[in-house]
Amino acid sequence: ITKRFPNMPKSMMYKYIRTKKIKHNRKRAEISDMLVEGDTIELFVKEEFLTEAPPRELFKNIRVGFTVAYEDDNILVCNKPVGLLCHSDEAGQPNTLVEQIKAYLWRKGEYDPKKEKSFAPALANRIDRNTFGLGITEKNAETLRELNIQIRERDIAKQYLCRVHGVPNPPEGVLGGWLIKDEKDNKVQVFRKKPNPRLGDAKEIKTGYRVVGVAGNEAILEIDLLTGRTHQIRVHMSTIGHPVEGDPLYYGKFYNRIYKNGQLLTAYRLNLTHPKTNKEMSFEIPLPDYFKEICDKLRRDAYKK
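Notes on the structure in this doc start here.

So, how was this worked out
Residues numbered from 1 in each chain as written. Predicted model: local features only at pLDDT ≥ 70, side-chain atom pairs only at ≥ 80, totals over all residues. Heavy atoms only, no water. Patch = residues over 30% accessible without salt bridge, like charges linked within 9 Å, V, L, I, M, F, W, Y side chains within 5 Å. Areas by Shrake-Rupley, 256 points an atom, 1.4 Å probe, with all protein chains shown as cover. Salt bridge = Lys/Arg side-chain N within 4 Å of Asp/Glu carboxyl O. Helix = DSSP H or I, 4+ residues; strand = E, 2+ residues; numbered from the N terminus. Buried < 20%, exposed > 50% of the residue type's maximum accessible area, 1.4 Å probe, protein only. Pairing = 2+ DSSP bridges. 1 Å grid on protein atoms, 1.4 Å probe; cavity = no way out; pocket = protein on both sides within 12 Å on 5 of 7 lines; lining within 4 Å. Points joined across faces, edges and corners; volume = space filled by probe spheres on them. Nonpolar A, V, L, I, M, F, W, Y, C, P; charged D, E, K, R; others polar. Expected span 1.5 Å × (residues − 1). Arc of directions from axis to C-beta. Contact = heavy atoms within 4.5 Å. Polar contact = N/O pair within 3.5 Å; in protein donor to acceptor, adjacent residues only side chain to side chain.

**As for a nonpolar patch on the surface**
Taken together, I1, L35 and I41 make up a surface patch of nonpolar side chains, about 250 Å² in accessible area. Its location among the elements puts I41 in strand β3 (residues 41-43). Looking at I41, the relative accessible area reads 35%, which means it is partly exposed.

Written as structure tokens, this is what we have:
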């Protein structure tokens with residue numbers, strides 16, 4: 001209701017629900033009611049509150065900066081560049097990956113917000129601003145629902161490559177812990193054991209890693225993101241003493257500012273079941289030169305051993 005009728009103050013909306021002016025399937029509505037397909041909502045309210053929200057079409061003036069890794073009638077797999085937000089932040093940044101995807105599909109004639117009641121292209125996975133890699137987008141509401149099920153059941157496998165300071169020992173394993181996010185500072189903290197609830201809402205995290213190359217006091221790791229939390233890889237590797245190279249937030253006093261292309265972390269591989277064909281699909285991103293040279297060198301050194 002809030003989305004559809006922005007001129008209705010929330011206080012009035014709550015009052016109309018309490019006084020039975022808003023009905024759910026012709027019966028008294030409760031604020032906690034969850035709608036399902038086929039439900040009806042009736043509003044017996046002042047007409048001034050029933051003005052619909054004007055369409056937000058910022059995407060029509062946005063230039064597309066991502067590349068397409070795969071596309072069909074239902075899904076779009078794209079490569080998000082470094083420096084691009086996936087979603088708008090508190091500052092209201094309009095140029096985001098989601099808005100660029102809308103622009104791309106609109107220019108192809110595959111998305112028209114005027115014909116959609118509530119659906120808009122969305123991302124099935126989230127990538128940090130200064131991380132590049134593969135993102136999945138649904139082109140229709142049915143695909144969105146089906147991919148959300150895969151995400152909820154953790155059926156979409158996401159693998160990352162990163163260059164870290166130092167060489168983890170043992171060379172592979174699964175890191176566990178509990179993560180709390182500080183919304184004000186947009187930073188997270190990891191605890192080995194579940195912390196006191198007074199510290200915040202703790203989420204359990206699991207990060208699998210494997211050393212795939214070593215050169216001096218640096219290593220390339222392949223990461224299996226077993227849970228998907230804010231800054232999970234970056235903070236988990238920093239916590240065990242092997243921060244991601246170029247990470248300004250969790251690298252501490254050893255932060256090396258020479259990496260102008262961002263932190264050396266990429267969401268380079270995705271595995272999923274296609275929501276329509278049920279075909280198992282795998283996507284792998286081509287690495288940019290500044291990252292590929294490092295990875296290739298470390299891998300060659302590892303193979304020689």
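Once you've had a look at it, read on.
**Concerning the pairing of strand β9 (residues 172-182)**
Of the pairings in the sheet, the one linking β9 to strand β11 (residues 203-215) comprises eight bridges and is antiparallel in character. Bridge pairing links G176 to K206 in β11. Summarising the sheet, β9 and strand β10 (residues 187-191) pair through five bridges and their orientation is antiparallel. The residue bridging K181 from the neighbouring strand is V188, located in β10. What sits between β9 and β10 in their antiparallel hairpin is a turn of four residues, with N186 showing a positive phi close to 50°.

**Some details on empty space enclosed by the protein**
With the rule as written, the count across this model stands at one cavity of 30 Å³ or more. Approximately 30 Å³ is the volume found for the largest cavity. If you trace the largest cavity, you find it lined by N125, L134, K158, Q159, Y160, A267, R269 and L270. Where the lining of the largest cavity is concerned, the elements lending two or more residues are β8 (157-165) and β13 (265-273). Grouping the constituent residues of the lining of the largest cavity by class yields four nonpolar, two polar and two charged.

**Looking at helix α3 (residues 141-152)**
The first and last C-alpha atoms of α3 sit 16 Å apart over twelve residues, in line with the 16 Å expected at 1.5 Å per residue. Taken together, the buried positions of α3 are T143, L147 and Q150. Looking straight down α3, one finds that the buried residues subtend no more than 50° of arc, so they occupy a single side. Pointing more than 90 degrees away from the buried face of α3 are the exposed residues R145 and R152. Among the structural elements, β5 (75-80), β7 (132-138) and β13 are those in contact with the buried residues of α3. At the C-terminal side of α3, R154 shows a positive phi close to 60°.

**Here's the deal with the side chain of R234**
In this fold, R234 is placed in helix α4 (residues 232-239). Within the structure, the side chain of R234 is placed 2.8 Å from the side chain of D247, a separation counted as a polar contact. When near neighbours in sequence (up to four residues on either side) are disregarded, R234 contacts D128, V244, D247, L249, Y250, Q263 and L265.

**Notes on the environment of K187**
Relative to the helices and strands, K187 is located in strand β10. Expressed as a C-alpha distance, the spacing of K187 and L249, which sit 62 residues apart in the sequence, is 7.9 Å. Residue contacts for K187: discarding those within four places in its chain leaves I180, K181, D182, L249 and Y250.

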